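# Architecture at a glance
Here's the letter readout for the chains.
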Amino acid sequence: MIWLILNLVLRAIVVLTGTALATFTLLWYAPGDPALAVAMARYNAVVPAEVIDQVRAEAGLDAGFFPAFQAWVSPLLRGDFGQSSVTGRDVWPEMVTAISYTVPLALAALFVGLVVSVPLALIATRSPGSWLDRGAVALASIGVAIPAFWLGLLLILLFAVQLGWLPAMGARTSAHVILPALTLGLGVAASLTRILRSSILEARDQPFLPALRRRGVAHRDIERDHVAPHAAIPFVTVLGLELAFLLEGLVVVEVIFARPGLAGFLVSAIGARDFPKVQAAVLITAVVFVIVNLLIDVLYRALDPRIGEHDA
């Protein structure tokens, strides 16, 4: 167990270090002068060459790649995300505000995905090959094929413009999260429905199940003790991947519904070449991925203790 924990910690350090270095490299070598982008974003106007040189010196862009990277990483190791190159304000409070809008939306979308996918997959597997099964598969296939931006626009047109039931833009009340959560959650539900249906059908075809039935084990006990754990492992895997795609979809959805959040925070920072803000947003996202992978590893071992035996 100690070796497992150390292994996970080392993997997390490698991922976060590689993410920080790769992001800084892409920003540093992106086309255009980063000092010019920062100066124009700071003063919102065309600026003379001496102002650009001043901004370059203030941001440490004249020190070279590795000195500039070290100057950013050193405070980060102490938990200091630094100040924005454009506004001069601390990055962390601004990012906390953005996260406070993004996290509830992500959790609501995940809730929608689970609430829709689990019952739909169970209905589909009740009678494999029936019209219910084919209908569930068709709905899931359509959900996967529909882009999030198009689905979001359709939901706005129906529920906000035509019916007037829900607000389309902003984040002032809890009602403002419904349409964005549906836009993201229905896409998640489509993928989860397909994998859960396939996993359940595969689990029911395991060769040892007929022997359990001949021994008189109740159908409910077989489903709970054998089918459900076997089907849960690929479902948990895809659920972790969907969390990754959920963060990607948040960027599109927050723009469509004009919601403040991490997407707007990151897009504006990239446009201004605001290195501290971009790095902070990317690192927080990487930390989320690391935590999700850790939780998936723990769930694997809870669902199938044999997985842990291979690491012992």
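Below or above, wherever it landed, is the structure these notes cover. (Residues numbered from 1 in each chain as written. Predicted model: local features only at pLDDT ≥ 70, side-chain atom pairs only at ≥ 80, totals over all residues. Heavy atoms only, no water.)

### Quick look at the overall build of the chain
When helices and strands are counted, the chain shows 13 helices and 0 strands. Secondary structure elements in the chain, listed N-terminal to C-terminal, are α-α-α-α-α-α-α-α-α-α-α-α-α. Considering only C-alpha atoms, the chain reaches an extent of 85 × 60 × 30 Å along its principal axes. Across the chain, the fraction of contacts at a sequence separation of at least 24, relative to all contacts at a separation of at least 6, is 74%. Averaging the locations of the 21 positively and 22 negatively charged side chains of the chain gives two centres separated by 11 Å. (Helix = DSSP H or I, 4+ residues; strand = E, 2+ residues; numbered from the N terminus. Contact = heavy atoms within 4.5 Å. Lys, Arg positive; Asp, Glu negative; His and termini not counted. Charge placed at Lys NZ, Arg CZ, Asp CG, Glu CD.)

### Looking at the packing of helix H2 (residues 34-43) against helix H3 (residues 49-58)
Look at H2 against H3: their axes get within 9 Å of each other, and the N-to-C directions meet at 105°. By the angle between their directions, the pair H2 and H3 is classed as roughly perpendicular. Along its contact with H2, which presents Ala-35, Leu-36, Val-38, Ala-39, Arg-42 and Tyr-43, the element H3 presents Val-51, Ile-52, Val-55, Arg-56 and Glu-58. Residue composition of the contact of H2 with H3, by class: 8 nonpolar, no polar and 3 charged. (Axes fitted to C-alpha atoms, helices over the stretch in contact; angles between N-to-C directions. Parallel < 35°, antiparallel > 145°, perpendicular 65-115°, else oblique. Nonpolar A, V, L, I, M, F, W, Y, C, P; charged D, E, K, R; others polar.)

### A few points about helix H7 (residues 148-162)
For H7, with 15 residues, the first-to-last C-alpha span of 20 Å sits near the 21 Å given by 1.5 Å per residue. At Ile-156, H7 shows its largest kink, close to 25°. Looking only at H7, the buried set comprises Leu-151, Gly-152, Leu-155 and Ile-156. Note on H7: the residue one or two positions beyond its end, Gly-164, has a positive phi of about 70°. (Expected span 1.5 Å × (residues − 1). Bend = angle between axes of the 7 residues up to and from the residue. Buried < 20%, exposed > 50% of the residue type's maximum accessible area, 1.4 Å probe, protein only.)

### Comments concerning the pattern of salt bridges
Scanning the entire structure with this criterion turns up 2 salt bridges. We note a salt bridge from Arg-89 to Glu-94, for which the minimum N-O separation is 3.3 Å. Among the salt bridges present, the one from Lys-277 reaches Glu-94, with a minimum N-O distance of 3.3 Å. Note that Lys-277 is positioned in helix H12 (residues 275-303) and Glu-94 in helix H5 (residues 91-126), a separation of 183 residues in sequence. Each member of the pair, Lys-277 as well as Glu-94, carries the same accessibility label: buried. Overlapping salt bridges bring together Arg-89, Glu-94 and Lys-277 as one network. (Salt bridge = Lys/Arg side-chain N within 4 Å of Asp/Glu carboxyl O.)

### A few points about H5
With 36 residues, H5 should cover 52 Å at 1.5 Å per step; its first-to-last C-alpha distance of 52 Å lies within 8% of that length. Along H5, the helix axis deviates most sharply at Ile-99, where the bend reaches about 25°.

### Regarding the packing of H7 against helix H8 (residues 178-204)
In contact at an axis separation of 9 Å, H7 and H8 are set at 140° when each is read in the N-to-C sense. When the interaxial angle is binned, H7 and H8 end up oblique. Where H7 crosses over H8, the handedness of that crossing is right-handed. Only Leu-179, Leu-182, Thr-183 and Leu-186 of H8 make contact with H7, whose side of the interface consists of Ala-148, Leu-151, Gly-152, Leu-155, Ile-156, Phe-159 and Ala-160. Looking at side-chain class alone, the contact of H7 with H8 contains 9 nonpolar, 2 polar and no charged residues. (Left-handed = near helix turned anticlockwise from the far one by under 90°.)

### With respect to the packing of aromatic side chains
Applying the stated criterion across every chain, the model contains 1 aromatic pair. Ring geometry for Phe-159 against Trp-165: centres 6.1 Å apart, planes inclined by 45°, an arrangement best described as tilted. The class for Phe-159 is partly exposed, based on a relative accessible area of 21%. Using a relative accessible area of 61% as the deciding quantity, one classes Trp-165 as exposed. (Phe/Tyr/Trp six-rings, centres within 6.5 Å; stacked < 30°, edge-to-face > 60°.)

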